[in-house]
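Each chain, letter by letter, is given below.
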Amino acid sequence: MFTVVCDNCKKDIGSEDEYSCWNDDNYAESNASDSDWLKLNTLHYCPECYSYDDNDAFVLAADRKDKHL
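Residues numbered from 1 in each chain as written. Predicted model: local features only at pLDDT ≥ 70, side-chain atom pairs only at ≥ 80, totals over all residues. Heavy atoms only, no water.

Asks: Would you mind showing me how to read unusual backbone geometry here?
Replies: If a residue is not glycine, its phi is most likely negative; likewise, a peptide bond is most likely trans. Located in the positive-phi region is Lys10, a residue other than glycine, with phi close to 75 degrees. Looking at where Lys10 falls in the secondary structure, it is placed in the segment before α1 (25-34). Of note, Asp56 is a non-glycine position whose phi angle comes to about 60 degrees, a positive value. Following the sequence through the fold, Asp56 ends up in the loop between β3 (50-52) and β4 (58-60). (Helix = DSSP H or I, 4+ residues; strand = E, 2+ residues; numbered from the N terminus.)

Here it is in structure tokens:
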């Protein structure tokens, strides 16, 4: 089974949904992308953990680090 977990706050993509895992890794990643999760290299970030500044630079919310552990 496959899921996507935020590499910053450790939130599982399915923690607030009916499904928390899928039998296909591509579908899990697609579902994350459709839910505004960001994949940056091999890391995943939920929408609450990232933003972009006025110069379109990636900003990670350090205050959310390990929030869901």
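Once you've had a look at it, read on.
Asks: Could you clarify how one ought to interpret the pattern of salt bridges in this entry?
Replies: Side chains carrying opposite charge are able to pair once their charged atoms draw close together. Inspection of the entire model under this criterion finds 3 salt bridges. For Asp66, the salt bridge identified is with Lys10, shortest N-O distance 3.8 Å. Of this pair, Asp66 sits in the segment after β4 while Lys10 sits in the segment before α1, and the two are 56 residues apart along the sequence. A salt bridge links Lys11 to Glu48; the nearest nitrogen and oxygen atoms lie 3.5 Å apart. In this pair, Lys11 is assigned in the segment before α1 and Glu48 in the loop between β2 (43-45) and β3, connecting sequence segments 37 residues apart. Taking the relative accessible area as the measure of exposure, Glu48 reaches 41% and is therefore partly exposed. (Salt bridge = Lys/Arg side-chain N within 4 Å of Asp/Glu carboxyl O. Buried < 20%, exposed > 50% of the residue type's maximum accessible area, 1.4 Å probe, protein only.)

Asks: Whenever I open this one, the nonpolar core confuses me. Can you help?
Replies: Across soluble globular proteins, you tend to see nonpolar side chains buried next to one another. Core analysis: the largest hydrophobic core is formed by 13 residues, its most contacted members being Val4, Cys6, Ile13, Trp37 and Cys46. Excluding residues that lie within four positions of it along the chain, Cys6 makes contacts with Lys11, Trp37, His44, Tyr45, Cys46 and Cys49. (Core = buried A, V, L, I, M, F, W, Y, C linked by side-chain atoms within 4.5 Å. Contact = heavy atoms within 4.5 Å.)

Keep in mind that these numbers describe shape and distance, not what the molecule does.
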